[in-house]
Amino acid sequence: MSLYSFGLEPISCHAWNKDRTQIALSPNNNVVNIYQKKGKDWIKIEELTEHSGRITGIDWAPESNRIVTCASDRNAYVWTLKDGTWKPTLVLVRINRAATCVKWSPQENKFALGSGARLISVCYFEKENDWWLSKHIKKAIRSTVLSLAWHPNNILLAAGSADLHCRIFSTYIKDIEDKPGPTSWGAKMPFGEVMMEHKDCGGWVHSVCFSPSGDQLAWVGHNSSITVADATQNKTVTQLTTQRLPLLSVLYVNPTEIVAAGHDCCPYQYTYKGPGALEFVKKLDIPKQTTKVNLTAMRHFQNLDKKATEDDSKELDTLHQNTITQLCVVSGTNQRVEEYSSVSLDGAMVIWKFQH
């Protein structure tokens, strides 16, 4: 594992380019910084500064090399690299509340955006007018959409929200794509159709993730639970409530293993082997050897900034010293993730190796 610091500011979200030589991240403000890997260091090469509100979501499309960003200013931009400069295009998302999350579809012909307006904007490019349009999914959503994840078929979209519900919708747009075939979640898929709805998640649904096959959906809630819905088993839901602090991000690393992280500042491994068989495996962090040292005043105030405590002796025995906000795949395939990254409120990014 490798630890990289990007300053003292919390990192709210991040995304990688295709070959993982560049990373886009936001230091909890209205700017997206792009860093280039040079040797062992990350050098800032670009600032994306079009937003006027705090950045809440970044996603980098690997094949088309486009970046989509969204923010609390109720806007989303698609960024295209032209002549060495990132140029923004405003998206007509038509929302009256802050945007909260954004994700490219697997085929990169559309993206989904969640917001506090109790709806999901599914955005696609209209060539005739040379702009990004959106269609809204409003049905059944009663509160802020907090998390999104795409099914491998490019049509189904999972959404977790603050109304304690987890849902799967169809995003089929007949103007831009062929009619989809049946899936384990259902066969009829008009736009906005609810394919699954789980009503009692026990807390805000912070993160959702489909398994590599798309037949299972995992999510984590604010009641310290991790849950899997299984379409091959009549959409049976298995929930595991833990004694730990709430998890904020969940990631499938192979067909049965799941990694999740959050307020405990370190990743955990879980395994799902069928209905009722969702189990904790292990903590995926190596405890740090903490030694008491006399800290300088500068270090004291840095700790105060990072950890909101004046007690310098309370160094956590984890690599991250504050809440992990997001996990991303770094290398491997979705059937077998080799490395994944985590970013945290401590301003650091860690690349972890997963042992299968």
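The numbers attached to residues start from 1 for each chain and follow its sequence in the written order. Local features in this predicted model are restricted to residues whose pLDDT is 70 or higher, and side-chain atom pairs enter the listing and the counts only when it is 80 or higher, whereas totals over whole chains, interfaces and linings include all residues. The basis for the side-chain values is all heavy atoms of the structure; hydrogens and waters are excluded.

### Observations concerning the pattern of salt bridges
Should their charged atoms come close, side chains of opposite charge can pair. Whenever a carboxyl oxygen of Asp or Glu lies within 4 Å of a side-chain nitrogen of Lys or Arg, that contact is scored as a salt bridge. Going through the model one piece at a time under the given rule, you end up with 7 salt bridges. The closest approach of N and O atoms between Glu 338 and Arg 336, which form a salt bridge, is 3.4 Å. Classification of Arg 336 as partly exposed rests on a relative accessible area of 44%. The partner of Glu 339 in a salt bridge is Lys 353, and the shortest N-O contact between them spans 3.2 Å. In this pair, Glu 339 is assigned in strand E27 (residues 336-344) and Lys 353 in strand E28 (residues 348-353), connecting sequence segments 14 residues apart. Given a relative accessible area of 19%, Glu 339 falls into the buried group. The buried label applies to any residue whose accessible area, calculated with a 1.4 Å probe on protein chains only, is under 20% of its type's maximum; exposed applies above 50%, and partly exposed to all values in between. Where helices and strands are cited, they refer to DSSP runs of H or I of at least four residues and of E of at least two residues respectively, numbered from the N terminus.

### With respect to the pairing of strand E6 (residues 55-60)
Burial analysis of E6 places 6 of its 6 residues in the buried class, which makes it a mostly covered element. At least two DSSP bridges between two strands are required for those strands to pair. Here 5 bridges tie E6 to strand E7 (residues 67-71), and the two strands are oriented antiparallel to one another. Bridge pairing in E7 links Ile 58 to Thr 69. Here E6 folds back onto E7, and the loop between the two strands holds 6 residues, one of which, Asn 65, carries a positive phi near 55 degrees.

### Regarding the sheet that holds E28
Ordered by their spatial adjacency, 4 strands build an open sheet running E1-E28-E27-E26, and the pairing between neighbours is antiparallel. In the strand order of this sheet, the two ends are held by strand E1 (2-5) and strand E26 (324-333), each with one partner. Adjacent strand axes in the sheet meet at a mean angle of 20 degrees when their direction is disregarded. Lines fitted to C-alpha atoms define the axes here, with helix axes fitted over just the stretch in contact, and angles between the N-to-C directions of these axes take values from 0 to 180 degrees.

### With respect to the packing of aromatic side chains
The rule is short: rings of Phe, Tyr and Trp, with Trp giving its six-membered ring, pair when the centres are within 6.5 Å, and they are stacked under 30 degrees, edge-to-face over 60, tilted in between. If you walk through the whole model with that rule in mind, you get 13 aromatic pairs. For the ring pair Tyr 4 and Trp 42, a centre distance of 6.1 Å and an interplane angle of 90 degrees mean the geometry is edge-to-face. Of the two residues, Tyr 4 sits in strand E1 while Trp 42 sits in strand E5 (residues 41-48), which places them 38 residues apart along the sequence. Trp 42 carries the same exposure label as Tyr 4, and that label is buried. Ring centres of Trp 104 and Trp 132 lie 5.7 Å apart, and the angle between their planes is 70 degrees; on these two criteria the pair is classed as edge-to-face. Of this pair, Trp 104 sits in strand E10 (residues 99-104) while Trp 132 sits in strand E13 (residues 131-137); the two residues are 28 residues apart in sequence, bridging distant segments of the chain. Classification of Trp 132 by relative accessible area gives buried; the value is 3%. Taken together through their ring pairs, the aromatic side chains of Trp 104, Phe 111, Phe 125 and Trp 132 make up a single cluster. Taking NZ or CZ as reference, Arg 244 lies 4.5 Å from the ring centre of Tyr 268, over its face. Definition used: whenever NZ (Lys) or CZ (Arg) falls within 6 Å of the ring centre and also within 35 degrees of the ring normal, the charge is taken to sit over that ring. Sitting over the face of the ring of Phe 280, Arg 244 holds its NZ or CZ atom 4.0 Å from the ring centroid.

### Remarks on the confidence of the model for the protein
Per-residue confidence for the protein averages 92 on the pLDDT scale, and 92% of its residues sit at or above 70. Throughout residues 290-295 the model reports pLDDT below 50, and contacts reaching past four residues in sequence, or to other chains, amount to 5 contacts. pLDDT: the predictor's confidence for each residue, scored from 0 to 100. Contact criterion: two residues are considered in contact whenever any of their non-hydrogen atoms come within 4.5 Å of each other.

### Looking at unusual backbone geometry
For Asn 28, which is not glycine, the phi dihedral falls at a positive 65 degrees. Phi at Ser 224 takes a positive value of approximately 65 degrees, unusual for a residue other than glycine. The residue Ser 224 is located in the loop between strand E19 (216-221) and strand E20 (225-230) in this model. A relative accessible area of 10% means that Ser 224 is categorised as buried.

### Considering the sheet that holds strand E8 (residues 76-82)
Strand order in the open sheet made by the 4 strands is E6-E7-E8-E9, with antiparallel pairing throughout. The open sheet terminates on both sides in strands that have one partner only, identified here as E6 and strand E9 (85-90). Mean inter-strand twist for the sheet, computed between neighbouring axes without regard to direction, equals 25 degrees.

### Let's talk about the pairing of strand E4 (residues 32-38)
Inspection of the sheet shows strand E3 (residues 22-26) paired to E4 by 4 bridges, in the antiparallel sense. Following the sheet pairing, Leu 25 is matched in E4 by Asn 33. Counted between consecutive antiparallel strands, the loop separating E3 from E4 contains 5 residues, among which Asn 28 sits at a positive phi close to 65 degrees. Looking at chain direction, E4 and E5 are connected through 7 bridges and run antiparallel. Residue pairing in the sheet places Tyr 35 in a bridge with Lys 44 of E5. Turn length for the E4-E5 hairpin, with the two strands adjacent in sequence and antiparallel, is 2 residues, and the turn residue Gly 39 shows positive phi of about 65 degrees.

### Observations regarding the side chain of Ser 147
As for its placement among the helices and strands, Ser 147 is situated in strand E14 (residues 145-150). Accessibility expressed as a relative area gives 5% for Ser 147, which makes it buried. A polar side-chain atom of Ser 147 sits 3.2 Å from the main-chain carbonyl oxygen of Val 205. With sequence-adjacent residues up to four places away left out, Ser 147 is seen in contact with Cys 101, Ala 158, Ala 159, Gly 160, Val 205, His 206, Ser 207 and Val 208. Residues adjacent in sequence count toward polar contacts only when both atoms are side-chain atoms; beyond that, a polar contact is any pair of N or O atoms within 3.5 Å, and within protein one must be able to donate a hydrogen and the other to accept it.

### Re the nonpolar core
Ranked by size, the top nonpolar core spans 19 residues in total, and within it Ile 168, Trp 185, Met 196, Val 208, Phe 210, Leu 217 and Trp 219 carry the most contacts. Contributing elements (two or more residues each) for this core: strand E15 (156-161), strand E16 (166-170), strand E17 (194-198), strand E18 (205-210) and E19. Sort the elements by how many residues they give to this core and E18 lands first, with 3 residues. Contact partners of Leu 217, with chain neighbours within four places excluded, come to Ala 158, Cys 166, Ile 168, Trp 185, Met 196, Val 208, Cys 209, Phe 210, Thr 227, Val 228 and Ala 229. Throughout, nonpolar core names a set of buried Ala, Val, Leu, Ile, Met, Phe, Trp, Tyr and Cys residues whose side chains join them through atoms within 4.5 Å. With 17 residues, the next largest nonpolar core counts Ala 61, Cys 70, Ile 95 and Ala 99 among its residues.

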